[in-house]
Amino acid sequence: MNLLYVLDLIGTAAFAASGALAGVRRNMDMLGVLVLGLVTAIGGGTLRDILLGDTPPFCLKDETYLYISIAIALLTFFGHHVLDRYSNPLLFFDAIGLGTFVVIGTGKALDFHTGFIGAVTMGVMTATAGGVIRDMLSSQVPLILQKEIYASACIVGGVLFYILDRMGWSRPSVMLIAAGVVVGLRLLAIRHNWALPTAPPKTYPTKEK
Amino acid sequence: MNLLYVLDLIGTAAFAASGALAGVRRNMDMLGVLVLGLVTAIGGGTLRDILLGDTPPFCLKDETYLYISIAIALLTFFGHHVLDRYSNPLLFFDAIGLGTFVVIGTGKALDFHTGFIGAVTMGVMTATAGGVIRDMLSSQVPLILQKEIYASACIVGGVLFYILDRMGWSRPSVMLIAAGVVVGLRLLAIRHNWALPTAPPKTYPTKEK
Amino acid sequence: MNLLYVLDLIGTAAFAASGALAGVRRNMDMLGVLVLGLVTAIGGGTLRDILLGDTPPFCLKDETYLYISIAIALLTFFGHHVLDRYSNPLLFFDAIGLGTFVVIGTGKALDFHTGFIGAVTMGVMTATAGGVIRDMLSSQVPLILQKEIYASACIVGGVLFYILDRMGWSRPSVMLIAAGVVVGLRLLAIRHNWALPTAPPKTYPTKEK
């Protein structure tokens, strides 16, 4: 369980960096960068806790998450040139965060007695909602609604978690396997540029106003 | 009360279809379409339950709503050509959803002892917040903030609900009448192209950046 | 404590006016203006109460906030020409709202036993989240993420609140001082056009799609 906590903090840091970087790229001031980093890192877990009724959410109970997010966001603000050179490691840590967040979310939902779809949804949301809020705050259509195999890897992980859990496997091994599958799928998707299909034929003219 | 549940599920399906269709029109991938359908269908009721403190929200307690939304969203993704030919029936079912959601929301708020404005707001929100979140996720100004008589019909229904309820009418008859009024107003608004006024004279130059 | 309640209502009214005015400027209909005024005025406190688990939120417990917001939003809709001539007083009342909301939020968070960062975040959020939701609803990048010294004044106020509170000062005097500092900073920032820095050199080409 200590390993899980460490992975969780690593994921939080990676998400905070990616959120802050998005703010820097949109020329936001220091505070905007801070907010975007923070929201990306803790938004998913916070929304999950609100929905499960477990308030105050995790990050208000253990402020370590807040301190790490803020520190990383500020580091990113001042040192983003350096980060650019390490986008590969960043993607790698981001994938670790993805896997960890999915299993934490799915596990917690099951502890709160949600059903199958509820547990998977909570797992996916824990991992992706922070990024969605980040994109909404930047007035952009959220990335995960557009093209990447990102949430899909989370769905696979959540479903796998549920199945193994129902089969009676121990929680730690379920978590390890499901998280590993998410991380693996995500890294493969990046390497091979996988994408989900968009809706068949008859493409609508994009009716943006 | 069984009739209400059936109407509720019909409304959920109609909202899921309209949400998924919005995703298809914006060329989102399968997952994006799924998320938009799901959020449109259950977003309003979920937000209401969060605000009333009744967590986990209805859709995590009775996963039927989730299964229907997901199934309809996937059907829409693959069969949207067919749906196009049935936009009139879709608008009809959408109106049924609108009326049903308003009375469920207003009734639940009163059961939680909110006051007049609180009850009406919860009713309107149950019916409209899903669509608002859908539009925010698509980075568009929410439709209901712009021109249609949509939320207005909900407000009338919520106010009527409150008045009849305070007059001591039985809950089922209040629900039936208020829902009927919302559905009727909505259908009339569609047929006659009704719209609310925008602010008087001196129109500002639209200061979009 | 009665003074605090009065200041709170003044701030609510000022926030409702600024929200409604934003709706008028974007040519929204009456309902859109109403929603924007309402959300701007009560959004921050509502989000704070959801996060702290104190539901239903303050505005459903004391509907005065709802009545004031709705009345002011409607007045703004019909009389926005008049308001234009008073943008200075509006900014002044807005600053009062900012200071009051910060101390109410920080104080409430401490009563709910959050830590340092949690309390400051709740204070800042109480004061700023309404405006952020307003901008998200208008499909714009939230103002506070871009340039003004707005949230920064709130952060200073929240930190000061925490320090004085830990030093054992009485709650009323802590509130008065912290709120005064926020209001003062905000007014000075307006007068002198202060801004936070954006990230150093190497500005990215704004990658809007």
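Please read all numbers here as calculations on a predicted model, not as lab measurements.

## What about the environment of Thr106(C)?
Residue and element names in this part refer to chain C.
Reasoning step 1: Relative to the elements of secondary structure, threonine 106 occurs in helix α5 (residues 87-111).
Reasoning step 2: Since its relative accessible area comes to 0%, threonine 106 is described here as buried.
Reasoning step 3: Spatially, the C-alpha atoms of threonine 106 and phenylalanine 161 are 7.4 Å apart, while their sequence positions differ by 55 residues.
Reasoning step 4: Not counting chain neighbours up to four residues away, the residues in contact with threonine 106 comprise Ala119, Gly123, Gly158 and Phe161.
Reasoning step 5: Among the polar contacts listed, one links the side chain of threonine 106 to the backbone oxygen of valine 102, at a separation of 2.8 Å.

## Brief notes about the packing of aromatic side chains
Reasoning step 1: Counting across every chain of the model gives 18 aromatic pairs over all chains.
Reasoning step 2: Measuring from ring centre to ring centre gives 4.8 Å for Phe15(B) and Phe101(B), while their planes differ by 55 degrees; the resulting arrangement is tilted. With Phe15(B) in helix α1 (residues 2-25) and Phe101(B) in helix α5 (residues 87-111), this pair connects stretches of sequence that are 86 residues apart. By the burial criterion, Phe15(B) is buried, and Phe101(B) matches it.
Reasoning step 3: The rings of Tyr5(A), Phe58(A) and Tyr65(A) are connected pair by pair, giving a single aromatic cluster.
Reasoning step 4: One residue, Arg48(A), lies across the ring of Phe58(A), its end atom 5.5 Å from the ring centre.

## Side note on the UniProt feature "transmembrane region" (unreviewed entry) in chain A
Residue and element names in this part refer to chain A.
Reasoning step 1: Mapped onto this structure's residue numbering, the UniProt feature "transmembrane region" (unreviewed entry) falls at residues 6-24, 31-52, 64-83, 90-110, 116-137, 149-164 and 170-189.
Reasoning step 2: The span residues 6-24 shows a helical share of 100% and a strand share of 0%, and its end C-alpha atoms are spaced 27 Å apart.
Reasoning step 3: Between the end C-alpha atoms of residues 170-189 the distance is 29 Å, and the span holds 95% helix and 0% strand.

## What to know about the pattern of salt bridges
Reasoning step 1: Within this structure, the stated rule accounts for 24 salt bridges over all chains.
Reasoning step 2: For Arg134(A), the salt bridge identified is with Asp135(A), shortest N-O distance 3.1 Å.
Reasoning step 3: With a relative accessible area of 12%, Arg134(A) lands in the buried category.
Reasoning step 4: The shortest N-O distance in the salt bridge between Asp49(C) and Lys108(C) comes to 2.8 Å. Here the residue Asp49(C) occupies a position in helix α2 (residues 30-52), and Lys108(C) occupies one in helix α5, the gap between them amounting to 59 residues.
Reasoning step 5: Taking the relative accessible area as the measure of exposure, Lys108(C) reaches 17% and is therefore buried.
Reasoning step 6: Through salt bridges with shared partners, one network takes in Arg48(A), Asp49(A), Asp54(A), Lys61(A) and Lys108(A).

## Focus: the environment of His113(B)
Reasoning step 1: Looking at where His113(B) falls in the secondary structure, it is placed in the loop between α5 and α6 (116-137).
Reasoning step 2: Taking C-alpha positions, His113(B) is 9.7 Å from Leu52(B), a pair spaced 61 residues apart along the chain.

## Side note on the packing of helix α2 (residues 30-52) of chain A against helix α6 (residues 116-137) of chain A
Residues and elements named next belong to chain A.
Reasoning step 1: In contact at an axis separation of 7 Å, α2 and α6 are set at 135 degrees when each is read in the N-to-C sense. Classed by the angle they form, the pair α2 and α6 counts as oblique. In the packing of α2 onto α6, the handedness of the crossing is right-handed. Listed contacts from α6 to Val35, Leu36, Val39, Thr40, Gly43, Gly44, Gly45, Leu47, Arg48, Leu51 and Leu52 of α2 are Met122, Met125, Thr126, Ala129, Gly130, Gly131, Ile133, Arg134 and Leu137.

## Structural notes on the side chain of Thr126(C)
All names here are of chain C.
Reasoning step 1: Assignment of secondary structure puts threonine 126 in helix α6 (residues 116-137).
Reasoning step 2: For threonine 126, a relative accessible area of 5% corresponds to the buried category.
Reasoning step 3: Engagement of the side chain of threonine 126 in a polar contact is seen with the backbone oxygen of methionine 122, the distance being 2.6 Å.
Reasoning step 4: Every residue in contact with threonine 126, bar those within four places of it in the chain, is listed here: Gly44, Gly45, Arg48, Phe101 and Gly105.

## Here's the deal with the nonpolar core
Reasoning step 1: If you look at the biggest cluster of nonpolar residues, it comprises 169 residues, and the most contacted ones within it are Ile42(A), Ile42(B) and Ile42(C).
Reasoning step 2: Contacts of Ile42(A), omitting those with residues within four sequence positions, involve Phe58(A), Cys59(A), Tyr65(A), Leu66(A) and Ser69(A).

## A look at the side chain of Asp8(C)
Reasoning step 1: Tracing the sequence through the fold places Asp8(C) in helix α1 (residues 2-25).
Reasoning step 2: Residues contacting Asp8(C), with those up to four places away along its chain left out, are Tyr65(C), Thr100(C), Phe101(C) and Ile104(C).

## Examining helix α8 (residues 171-192) of chain C
Residues and elements named next belong to chain C.
Reasoning step 1: The end-to-end C-alpha distance of α8 is 31 Å, a good match for the 32 Å that 22 residues give at a rise of 1.5 Å each.
Reasoning step 2: Residues Val174, Met175, Ala178, Ala179, Val182, Val183, Arg186 and Ala189 constitute the buried set of α8. In a view along the axis of α8, the buried residues occupy a sector of 150 degrees, so they form one face of it. Seen from the buried face of α8, the exposed residues on the opposite side, beyond 90 degrees, are Pro172, Leu176 and Arg191.

Basis of the calculations
- Residues numbered from 1 in each chain as written.
- Chains lettered and ligands numbered in written order.
- Predicted model: local features only at pLDDT ≥ 70, side-chain atom pairs only at ≥ 80, totals over all residues.
- Heavy atoms only, no water.
- Helix = DSSP H or I, 4+ residues; strand = E, 2+ residues; numbered from the N terminus.
- Buried < 20%, exposed > 50% of the residue type's maximum accessible area, 1.4 Å probe, protein only.
- Contact = heavy atoms within 4.5 Å.
- Polar contact = N/O pair within 3.5 Å; in protein donor to acceptor, adjacent residues only side chain to side chain.
- Phe/Tyr/Trp six-rings, centres within 6.5 Å; stacked < 30°, edge-to-face > 60°.
- Lys NZ or Arg CZ within 6 Å of the ring centre and 35° of its normal.
- UniProt positions renumbered as here; feature names shortened; annotations may be inferred.
- Salt bridge = Lys/Arg side-chain N within 4 Å of Asp/Glu carboxyl O.
- Axes fitted to C-alpha atoms, helices over the stretch in contact; angles between N-to-C directions.
- Parallel < 35°, antiparallel > 145°, perpendicular 65-115°, else oblique.
- Left-handed = near helix turned anticlockwise from the far one by under 90°.
- Core = buried A, V, L, I, M, F, W, Y, C linked by side-chain atoms within 4.5 Å.
- Expected span 1.5 Å × (residues − 1).
- Arc of directions from axis to C-beta.

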